[in-house]
Amino acid sequence: MAGPPAADSLAGSASVRRRAIAPRQGWEQKVESLGLLFHTAPDQPYWNENAYYEFSASEVDVLERASNQLHAMCLEAVQHVIDKDRFAELHIPPTAIPWIKRTWEEEPPSLYGRFDLAYGGQAEPKLLEYNADTPTSLLEAAVIQWHWLQDCFPQADQFNSIWEGLVELWTELKTERHLKGTAVHFGHVRTIEDLMTVTALRDSAEQAGIATLGIHMDEIGWDEQNRWFLDNDDIRIRTLFKLYPWEWMLEEKFGGNVLESLEHTQWIEPVWKMVLANKGILAILWEMFPTSPYLVPAHIGSPASMSHYVKKPLCGREGEEVSIIRNGAVEFSAATTEGESQPFVFQELCNIPDFEGNRPVIGSWIIDGVSRGIGVRESDGPVTDDLARFVPHLFR
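Small disclaimer: the values here were computed from a predicted structure and weren't measured. (Residues numbered from 1 in each chain as written. Predicted model: local features only at pLDDT ≥ 70, side-chain atom pairs only at ≥ 80, totals over all residues. Heavy atoms only, no water.)

Engineer: Can you lay out the pairing of strand β5 (residues 126-131) for me, pointing to particular residues and giving the numbers?
Structural biologist: Within β5, five of the six residues are buried, which leaves the element mostly enclosed by the surrounding structure. Where strand β4 (residues 112-118) lies against β5, five bridges are found, and the strand directions are antiparallel. In the strand pairing of β5, Leu117 is matched with Leu127. (Buried < 20%, exposed > 50% of the residue type's maximum accessible area, 1.4 Å probe, protein only. Helix = DSSP H or I, 4+ residues; strand = E, 2+ residues; numbered from the N terminus. Pairing = 2+ DSSP bridges.)

Engineer: Outline the pattern of salt bridges, listing residues and values.
Structural biologist: Counted under the stated rule, the structure contains 24 salt bridges. Note that Arg377 and Asp116 form a salt bridge whose closest N and O atoms lie 3.4 Å from each other. Note that Arg377 is positioned in strand β18 (residues 370-379) and Asp116 in strand β4, a separation of 261 residues in sequence. Residue classification places Asp116 among the buried positions, given a relative accessible area of 5%. Notably, a salt bridge pairs Glu168 with Arg372, separated by 3.4 Å at the nearest N-O pair. (Salt bridge = Lys/Arg side-chain N within 4 Å of Asp/Glu carboxyl O.)

Engineer: Account for the sheet that holds β5, naming residues and giving values.
Structural biologist: Within the open sheet, the five strands sit side by side as β5-β4-β17-β18-β19. Their pairing is antiparallel. A single partner strand is all that each edge strand has here, and the edge strands are β5 and β19 (389-391). When strand polarity is set aside, the average angle formed by the axes of neighbouring strands in this sheet is 35°. In this sheet, β18 lies alongside strand β17 (residues 359-367) in antiparallel orientation, the contact comprising nine bridges. Within β18, the residue paired with Trp365 across the bridge is Gly373. The strands that helix α2 (residues 57-83) touches are β4, β5, β17 and β18; relative to β4, the one it contacts most, it runs at about 120°. (Axes fitted to C-alpha atoms, helices over the stretch in contact; angles between N-to-C directions. Contact = heavy atoms within 4.5 Å.)

Engineer: Break down the sheet that holds strand β12 (residues 298-300) for me, with residues and values.
Structural biologist: The five strands are arranged β12-β16-β13-β14-β15 in an open sheet whose pairing can be described as antiparallel. At either end of the open sheet lies a strand with only one pairing partner, and these are β12 and β15 (329-333). If you compare each strand with its neighbour and ignore which way they point, the axes differ by 25° on average. Bridge count between β12 and strand β16 (residues 344-348): three bridges; the pairing is antiparallel. Across the sheet, residue Ile300 finds its bridge partner in β16, namely Val345. Packed on one face of the sheet, helix α10 (residues 281-288) meets β12, β13 (308-313) and β16 and runs near 125° to β12.

Engineer: Account for the packing of aromatic side chains, naming residues and giving values.
Structural biologist: Evaluated as defined, the whole model comprises 18 aromatic pairs. Residues Trp47 and Phe390 carry aromatic rings whose centres are separated by 5.8 Å and whose planes lie at 15° to one another, so their mutual orientation is stacked. Taken together, the positions of Trp47 in the loop between α1 (27-33) and β3 (51-55) and Phe390 in strand β19 put the pair 343 residues apart, joining distant regions of the chain. Considered together, Trp47 and Phe390 belong to a single accessibility category, that of buried residues. (Phe/Tyr/Trp six-rings, centres within 6.5 Å; stacked < 30°, edge-to-face > 60°.)

Engineer: Got a sec to walk through the confidence of the model for the protein chain? Specific residues and values, please.
Structural biologist: Looking at the protein chain as a whole, the pLDDT averages 91, with 94% of positions reaching at least 70. In this model, residues 1-14 is a region of pLDDT below 50 whose contacts with residues beyond four sequence positions or in other chains number 33 contacts. (pLDDT = per-residue confidence, 0-100.)

Engineer: So what's going on with the side chain of Thr103? Residues and values would help.
Structural biologist: By the secondary structure assignment, Thr103 is in helix α3 (residues 97-106). A relative accessible area of 9% means that Thr103 is categorised as buried. A distance of 3.3 Å separates the side chain of Thr103 from the backbone oxygen of Ile100, its partner in a polar contact. Those residues in contact with Thr103 that sit more than four places away from it in its chain are Pro108, Pro270, Val271 and Trp272. (Polar contact = N/O pair within 3.5 Å; in protein donor to acceptor, adjacent residues only side chain to side chain.)

Engineer: Describe a nonpolar patch on the surface, naming the residues involved and giving the relevant values.
Structural biologist: Among the surface-exposed residues, Leu37, Phe38, Ile192 and Leu195 lie close enough to one another that they form a single nonpolar patch of about 330 Å² accessible area. By the element assignment, Phe38 lies in the loop between α1 and β3. (Patch = residues over 30% accessible without salt bridge, like charges linked within 9 Å, V, L, I, M, F, W, Y side chains within 5 Å. Areas by Shrake-Rupley, 256 points an atom, 1.4 Å probe, with all protein chains shown as cover.)

Engineer: Please set out the state of the cysteines residue by residue, giving values where relevant.
Structural biologist: Structurally, a disulfide amounts to a covalent bond that connects the sulfur atoms of two cysteines. Scanning the model with the defined rule gives zero disulfides in all. Here Cys315 stays unpaired: no disulfide links it, and the sulfur of Cys74, its closest cysteine neighbor, is 15 Å away. Free of any disulfide, Cys350 has its nearest cysteine sulfur in Cys74, 14 Å distant. (Disulfide = S-S within 2.5 Å.)

Engineer: So what's going on with unusual backbone geometry? Which residues, and what values?
Structural biologist: With an omega of 5°, the peptide bond running from Ile268 to Glu269 counts as cis. Here Glu269 lies in the loop between β11 (266-268) and α9 (273-277). Phi angles above zero are rare outside glycine, and Asp85 is one such case at about 50°. As for its position among the elements, Asp85 is in the loop between α2 and α3. Here His91, not a glycine, exhibits a phi torsion of approximately 55°, which is positive. Positionally, His91 belongs in the loop between α2 and α3.

Engineer: Please provide a residue-by-residue account of the side chain of Gln158, values included.
Structural biologist: The topology assignment puts Gln158 in the loop between α4 (138-152) and α5 (162-175). Among the residues examined, Gln158 registers a relative accessible area of 4% and is labelled buried. A polar side-chain atom of Gln158 sits 3.5 Å from the main-chain amide nitrogen of Trp146. Among all residues touching Gln158, those that are not within four sequence positions of it are Gln145, Trp146, Trp148, Leu149, His393 and Phe395.

Laid out in structure tokens, this is it:
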């Protein structure tokens, strides 16, 4: 069991609190037994239960309301991109456009997404970006922090019905026959992080009574005669959840086959998610909803009149190629020379709370279009990257 909390660390007078706490005895074995195989980086824990974030019930309400409204606005933005033919601004390949339009109209299964929000408890949450195609840290948010809560603070609550939302959605997809085939394949690259996310999703599908099969993305085969995809046991792939970005898939040598097979192979997430996963959507959202309390100014191609801003590639991940500029001077940069050839979005710099050097970003999970919970990742620096720590939360 955890010990009593130490003194609070506060970001100014914000009401969200970061509390130091002693970790559970044998916490490593506890999280490993739940599937968290990667919990410690070489010099620090990735899963960090030396602290937790405490919210009030009203702050949870704020996050839930903001997330639901942001998702609704994002759907309007997708429709706007389609209606106004703004795909070129987002550098979406022309070959994908007809299929984006088609899947948008047909509404094939879409599971989840994760908003990254800056929030300290005083002002409204601000949208940093929407991980709408391949969000990770799902196991940590849905399962690991929930068991931590039961061990440490069973009388407290947690904004977390992520697992229930997934099982409910899979159950609906199974009973209403929205899935092609009798089993769902789950594809990912050969990293522990992706394996953990895919395993959690497979478990939630199996709890709903759906048979699942795992496959690495580089093992997917193509049957040239029948024009369909196969797994490494020569089983035809009818429905595939892929933890692999659409823009990567379309650049692969089989990218043309992916589009050709869309009538016969169901891909989750659907290809229209390319629009939402593109950071250019931040600029389109700002253009459409400039009075929203959840948005900050953003522009594609140039910073316009902004003095303090973040420069992000349209399709970057985990802080890749991100730069922070204040008054024309580069304060931080993860950019490389080759990255400078990419198109960028420029977003006004958000105020991320600073708890004695720990800078949290709220990951707000959307399951089946509805806000179902949050996870908190914190970094030492100004950009949340692949070294960010996951810290549990509760509310009272």
